[in-house]
Amino acid sequence: MSNRIVIGEVEIKPGEKKTINLPLPDLYTSSNIDMPVHVINGIEEGPTVFISAAMHGNEINGVEIIHRLIKSNEMKNLKGTLIAVPVVNVYGFIAQSRYLPDRRDLNRSFPGSGKGSMASRLAYLFMHEIVRKCTHGIDLHTGAIGRTNLPQIRAQLDLGMEIKKMACAFGAPVVMDSKKLLDGSLRKAARKHNIPILLYEAGEALRFDEMSIKIGVSGVINVLQFLGMLTSEGSHCDISKKPLLATSSNWVRAPQSGILRAVAEVGTHVEEGEVIGIVSDPFGENEEQVLATACGIIIGRTKLPLVYEGEALFHIAHFHEPSGVIKALEALRNKHRGSM
Ligand SMILES: [Zn+2]
């Protein structure tokens, strides 16, 4: 396998680093728009991996993860090829929005078509110029607007041992097995071509969360080490022996409309029936408790206290050993706290 790679008709030879601007449809002001792509091609051959962020234009933690990754000294001795795309949905990033100007969700528009809608064309370009040229990928996301997620890896673990090991190697406190992939998602489209993709979810839209960023940077480096692209300390792991794999998850919804006072934060271990929030009217009359519907760890929650009946408030993941997740989380906090 030769490491010669061509993106947007630009060739990046082994030992070269280049930034390529892939042209996208102009703005209606007639201004030109490009998708910036940074390629680091190692001298020695190896896998070709893409790292992408801001597929949803307002999910920006990943943009910072890629920024720090590219600057990191670790990348100097890379084997194989790293293709970094910090802003996939450039239009959404400019508008600080999850969506594209045609109000479509890019991550529901794959594999796309060169003759389709705006979203479909952008998905097609990303699929053909980046994803199809890669052997593996990591797509960086955050919670939607007003929602935060505990750092977690989502992957289709039934794809085989390699994706299991990648998911485990990342070292996030939680791994979720995505048994069903959404139609039009990047991961569903990549699955058809047997390209394993990890999805990292951490923090909140339109915010930088330092811990999520640090766990993300070290997580990507860990995966590149696992793939043999960076010198490894040899910490390969077996996901079946790790307590961090969630068996399932569920959302706890608002019992009534009102103002939410959340009691439990992300990363908290809760028991079934425990009070995790209170929803009331502005006078504090008509209070209703929000109860955990299962024992587990809160891996996501709304940050907006104004809620309607039925709205998803807390995301609880279930584990065989929730205490193992709490320990892993504590260890990660201690590891990354010192370097802040
Ligand atoms: Zn997203």
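Here the structure is a predicted model, which means the values were calculated and not measured.

A.B. asks: Would you mind going over the packing of helix H1 (residues 61-71) against helix H6 (residues 210-226) with me for this structure?
C.D. replies: Each pair of packed helices can be summarised by the angle the axes make with each other and by the distance between the axes. Running from amino to carboxyl end, H1 crosses H6 at an angle of 50 degrees, the nearest separation of the two axes being 9 Å. Looking at the two axes, H1 sits oblique to H6. Crossing geometry of H1 relative to H6 is assigned as right-handed. Of the residues in H6, those in contact with Asn-61, Gly-62, Glu-64, Ile-65, Arg-68 and Leu-69 of H1 are Ser-212, Ile-213, Gly-216, Val-217 and Val-220.

A.B. asks: Looking at this model, I keep getting lost on the domain arrangement of the protein chain. Mind explaining?
C.D. replies: Many structure descriptions define interface size as the accessible area lost when the parts assemble. Looking at the assigned domains, one finds that the protein chain contains domain 1 (5-241) and domain 2 (248-318). Here the C-alpha centre of domain 2 lies 31 Å away from the C-alpha centre of domain 1. Of the residues lining the interface, 10 residues belong to domain 1; the matching set on domain 2 comes to 10 residues. Looking at the side of domain 1 that touches domain 2, the elements that each hand over two or more residues are strand S8 (147-155) and strand S9 (174-177). With 5 residues, S8 is the largest single contributor of residues to the side of domain 1 that touches domain 2. Considered class by class, the residues forming the side of domain 1 that touches domain 2 number 3 nonpolar, 5 polar and 2 charged.

A.B. asks: Hey, could you run me through the pairing of strand S4 (residues 33-41) in this one?
C.D. replies: On a regular strand, one side chain projects to one face of the sheet and the next to the other, so that they alternate. Here 8 bridges tie strand S3 (residues 17-24) to S4, and the two strands are oriented antiparallel to one another. Note that in S4 the partner of Asn-21 across the bridge is Pro-36. Pairing of S4 with strand S6 (residues 81-85), which is carried by 4 bridges, proceeds in the antiparallel orientation. When the sheet's bridge partners are listed, Ile-40 is paired in S6 with Leu-82.

A.B. asks: Please explain the environment of Leu-313 as it appears in this structure.
C.D. replies: Within the secondary structure layout, Leu-313 lies in strand S19 (residues 312-318). With 24 C-beta atoms packed within 10 Å, Leu-313 lands in the buried category. Distance from Leu-313 to Pro-255, taken between C-alpha atoms, is 9.9 Å for residues 58 residues apart in sequence. Sequence-distant contacts of Leu-313, that is, excluding residues within four places in its chain, are made with Val-252, Arg-253, Ala-254, Leu-260, Gly-277, Val-290, Arg-301, Thr-302 and Val-307.

A.B. asks: I would appreciate a short explanation of the pairing of S9 in the present structure.
C.D. replies: Sheet analysis places S8 next to S9, joined by 4 bridges and oriented parallel. Paired with Ile-153 across the strands is Val-175, a residue of S9. You can see the chain leave S8, run along helix H4 (residues 161-170) and come back into S9, and the turn it takes is right-handed. In the sheet, S9 pairs with strand S11 (residues 245-246) via 2 bridges, with the strands oriented parallel. Directly across from Val-175, in S11, lies its bridge partner Leu-245.

A.B. asks: Help me understand the sheet that holds strand S13 (residues 258-262) in this model?
C.D. replies: Strand order in the open sheet made by the 4 strands is S16-S15-S13-S18, with antiparallel pairing throughout. The strands lining the two open edges of the sheet, one partner per strand, are strand S16 (288-291) and strand S18 (306-307).

A.B. asks: Just to check I follow, could you spell out the nonpolar core for this structure?
C.D. replies: Membership of the largest hydrophobic core comes to 95 residues, with the highest contact counts inside it found for Ile-51, Ile-83, Val-174, Val-175, Leu-198, Val-220 and Val-223. The greatest single-element share of this core, amounting to 8 residues, is contributed by H6. Non-local contacts of Ile-83, meaning those with residues more than four positions away in its chain, are made with Val-37, Val-39, Thr-48, Phe-50, Ile-130 and Cys-134.

A.B. asks: Teacher, can you tell me more about helix H3 (residues 118-129) here?
C.D. replies: An α-helix turns once per 3.6 residues; consequently, residues spaced three or four apart project the same way. Along its 12 residues, H3 runs 16 Å from first to last C-alpha, staying within 8% of the 16 Å computed at 1.5 Å per residue. On the buried face of H3, the contacting elements are S3 and helix H5 (186-191).

Criteria and thresholds
Residues numbered from 1 in each chain as written. Predicted model: local features only at pLDDT ≥ 70, side-chain atom pairs only at ≥ 80, totals over all residues. Axes fitted to C-alpha atoms, helices over the stretch in contact; angles between N-to-C directions. Helix = DSSP H or I, 4+ residues; strand = E, 2+ residues; numbered from the N terminus. Parallel < 35°, antiparallel > 145°, perpendicular 65-115°, else oblique. Left-handed = near helix turned anticlockwise from the far one by under 90°. Contact = placed C-beta atoms within 7 Å. Domains from an automatic or database assignment. Nonpolar A, V, L, I, M, F, W, Y, C, P; charged D, E, K, R; others polar. Pairing = 2+ DSSP bridges. Buried ≥ 20, exposed ≤ 12 C-beta atoms within 10 Å, placed from the backbone. Right-handed = clockwise from strand over helix to strand, strands pointing away. Core = buried A, V, L, I, M, F, W, Y, C linked by C-beta atoms within 7 Å. Expected span 1.5 Å × (residues − 1).

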